[in-house]
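Structure at a glance
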Amino acid sequence: MQTMYEWLRKHDEFRDNYARAREDQADTFADEMCDIAEYDEDVQRAKLKIDARKWVASRMKPKRWGDRQQLEHTGAGGAPLNIRVEYDD
(Lines give C-alpha, C1' and ligand atoms only; values in the text may rest on other atoms or scores of the structure.)
Protein backbone atom coordinates (compact mmCIF):
# COMPACT_ATOMS: atom_id res chain seq x y z
CA MET A 1 0.00 0.00 0.00
CA GLN A 2 2.81 2.39 0.84
CA THR A 3 4.40 1.92 -2.58
CA MET A 4 1.09 2.52 -4.32
CA TYR A 5 0.51 5.77 -2.43
CA GLU A 6 4.04 6.91 -3.26
CA TRP A 7 3.37 6.23 -6.95
CA LEU A 8 0.10 8.14 -6.74
CA ARG A 9 1.98 11.15 -5.40
CA LYS A 10 4.91 10.95 -7.84
CA HIS A 11 3.53 9.69 -11.17
CA ASP A 12 0.82 11.72 -12.93
CA GLU A 13 -0.06 9.06 -15.52
CA PHE A 14 -0.36 6.38 -12.84
CA ARG A 15 -2.57 8.69 -10.77
CA ASP A 16 -4.85 9.38 -13.76
CA ASN A 17 -5.15 5.69 -14.61
CA TYR A 18 -5.84 4.86 -10.97
CA ALA A 19 -8.60 7.47 -10.80
CA ARG A 20 -10.26 6.07 -13.93
CA ALA A 21 -10.00 2.53 -12.57
CA ARG A 22 -11.68 3.56 -9.31
CA GLU A 23 -14.52 5.20 -11.26
CA ASP A 24 -14.91 1.99 -13.27
CA GLN A 25 -15.01 0.07 -10.00
CA ALA A 26 -18.06 2.10 -8.97
CA ASP A 27 -19.85 0.88 -12.10
CA THR A 28 -18.80 -2.68 -11.30
CA PHE A 29 -20.34 -2.33 -7.85
CA ALA A 30 -23.66 -1.46 -9.53
CA ASP A 31 -23.52 -4.67 -11.54
CA GLU A 32 -22.66 -6.64 -8.39
CA MET A 33 -25.64 -5.15 -6.55
CA CYS A 34 -28.02 -6.60 -9.12
CA ASP A 35 -26.44 -10.04 -8.77
CA ILE A 36 -26.55 -9.86 -4.98
CA ALA A 37 -30.21 -8.86 -5.00
CA GLU A 38 -31.06 -11.68 -7.36
CA TYR A 39 -29.03 -14.56 -5.95
CA ASP A 40 -28.28 -13.97 -2.26
CA GLU A 41 -30.96 -15.77 -0.27
CA ASP A 42 -30.07 -14.15 3.07
CA VAL A 43 -31.97 -10.87 2.84
CA GLN A 44 -30.15 -9.13 5.71
CA ARG A 45 -26.72 -10.06 4.34
CA ALA A 46 -27.77 -8.98 0.84
CA LYS A 47 -29.01 -5.63 2.15
CA LEU A 48 -25.73 -5.02 3.98
CA LYS A 49 -23.66 -5.87 0.90
CA ILE A 50 -25.77 -3.67 -1.35
CA ASP A 51 -25.78 -0.72 1.07
CA ALA A 52 -21.99 -0.90 1.42
CA ARG A 53 -21.51 -0.93 -2.35
CA LYS A 54 -23.97 1.93 -2.84
CA TRP A 55 -22.14 4.06 -0.28
CA VAL A 56 -18.71 3.39 -1.78
CA ALA A 57 -19.91 3.88 -5.37
CA SER A 58 -21.50 7.21 -4.45
CA ARG A 59 -18.13 8.42 -3.13
CA MET A 60 -16.08 7.03 -6.04
CA LYS A 61 -18.32 8.41 -8.79
CA PRO A 62 -20.73 10.92 -7.23
CA LYS A 63 -22.00 12.40 -10.50
CA ARG A 64 -23.38 9.03 -11.54
CA TRP A 65 -24.08 7.17 -8.28
CA GLY A 66 -24.38 9.93 -5.67
CA ASP A 67 -27.62 11.37 -4.36
CA ARG A 68 -29.01 13.99 -6.69
CA GLN A 69 -30.30 17.16 -5.18
CA GLN A 70 -32.29 19.78 -6.99
CA LEU A 71 -33.16 23.18 -5.62
CA GLU A 72 -35.97 25.25 -7.10
CA HIS A 73 -37.03 28.73 -6.21
CA THR A 74 -40.72 29.41 -6.78
CA GLY A 75 -43.37 31.72 -5.52
CA ALA A 76 -46.53 30.74 -3.69
CA GLY A 77 -48.14 27.58 -5.04
CA GLY A 78 -45.31 26.98 -7.49
CA ALA A 79 -45.90 30.23 -9.35
CA PRO A 80 -42.94 32.13 -10.80
CA LEU A 81 -40.87 33.95 -8.23
CA ASN A 82 -41.54 37.69 -8.19
CA ILE A 83 -38.72 39.90 -6.98
CA ARG A 84 -39.51 43.38 -5.76
CA VAL A 85 -36.86 45.85 -4.77
CA GLU A 86 -37.78 48.68 -2.44
CA TYR A 87 -35.55 51.60 -1.61
CA ASP A 88 -35.72 53.70 1.52
CA ASP A 89 -35.64 57.42 0.71
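Residues numbered from 1 in each chain as written. Predicted model: local features only at pLDDT ≥ 70, side-chain atom pairs only at ≥ 80, totals over all residues. Heavy atoms only, no water.

1. Some thoughts on the nonpolar core
Quick note on the threshold: We define the nonpolar core as a collection of buried residues of types Ala, Val, Leu, Ile, Met, Phe, Trp, Tyr and Cys that are connected through side-chain atoms lying within 4.5 Å of one another. For each residue, the accessible area found with a 1.4 Å probe, counting protein chains only, is set against the maximum for its type, and the residue is called buried under 20%, exposed over 50%, and partly exposed in between. Secondary structure elements follow DSSP: runs of H or I of four or more residues count as helices, runs of E of two or more count as strands, with numbering from the N terminus.
Residues Ala-30, Met-33, Ile-36, Ala-46 and Ile-50 constitute the largest nonpolar core, which totals five residues. Broken down by secondary-structure element, the contributors of at least two residues to this core are α2 (12-39) and α3 (43-60).

2. Digging into the confidence of the model for the protein
Which entries qualify depends on this criterion: As a per-residue quantity, pLDDT reports the predictor's confidence and falls between 0 and 100.
Looking at the protein, the pLDDT average stands at 88 and 99% of residues meet or exceed 70. Here helix α4 (residues 62-65) stands out as the least confident element of the protein, with mean pLDDT 77; helix α1 (residues 2-10) is the most confident, with 95.

3. Considerations on α2
Our working definition: Here, expected helix span is obtained from the residue count minus one, scaled by 1.5 Å. Two residues qualify as a contact provided that any one of their heavy atoms is within 4.5 Å of a heavy atom in the partner residue.
Between its first and last C-alpha atoms α2 spans 40 Å; for 28 residues at 1.5 Å apiece the expected length is 40 Å, and the two agree. Within the sequence span of α2, burial applies to Ala-26, Phe-29, Ala-30, Met-33 and Ile-36. Considering only its buried residues, α2 is in contact with α3 and α4.

4. Re the packing of aromatic side chains
Quick note on the threshold: The criterion for an aromatic pair is that two Phe, Tyr or Trp rings (for Trp, the six-membered ring) have centres within 6.5 Å, with stacked assigned to planes under 30 degrees apart, edge-to-face to planes over 60 apart and tilted to the rest.
Summed over all chains, the structure comprises two aromatic pairs. Summarising the aromatic geometry, the rings of Trp-7 and Phe-14 are spaced 5.4 Å apart at their centres and angled 75° between planes, so their arrangement reads as edge-to-face. Overall, Trp-7 belongs to the partly exposed group, its relative accessible area being 43%. An aromatic cluster of three or more residues is present, and its members are Trp-7, Phe-14 and Tyr-18.

5. Observations regarding the pattern of salt bridges
Here is the rule we go by: Think of a salt bridge as a Lys or Arg side-chain nitrogen and an Asp or Glu carboxyl oxygen that are within 4 Å of each other.
Summed over the entire model, instances satisfying the criterion amount to eight salt bridges. One salt bridge connects Asp-40 with Lys-49, and the closest N-O pair in it is separated by 3.3 Å. Classification of Asp-40 by relative accessible area gives buried; the value is 15%. Notably, a salt bridge pairs Glu-86 with Arg-84, separated by 2.7 Å at the nearest N-O pair. Under the relative-accessibility criterion, Glu-86 is labelled exposed at 58%. Judged by its relative accessible area of 70%, Arg-84 is exposed.

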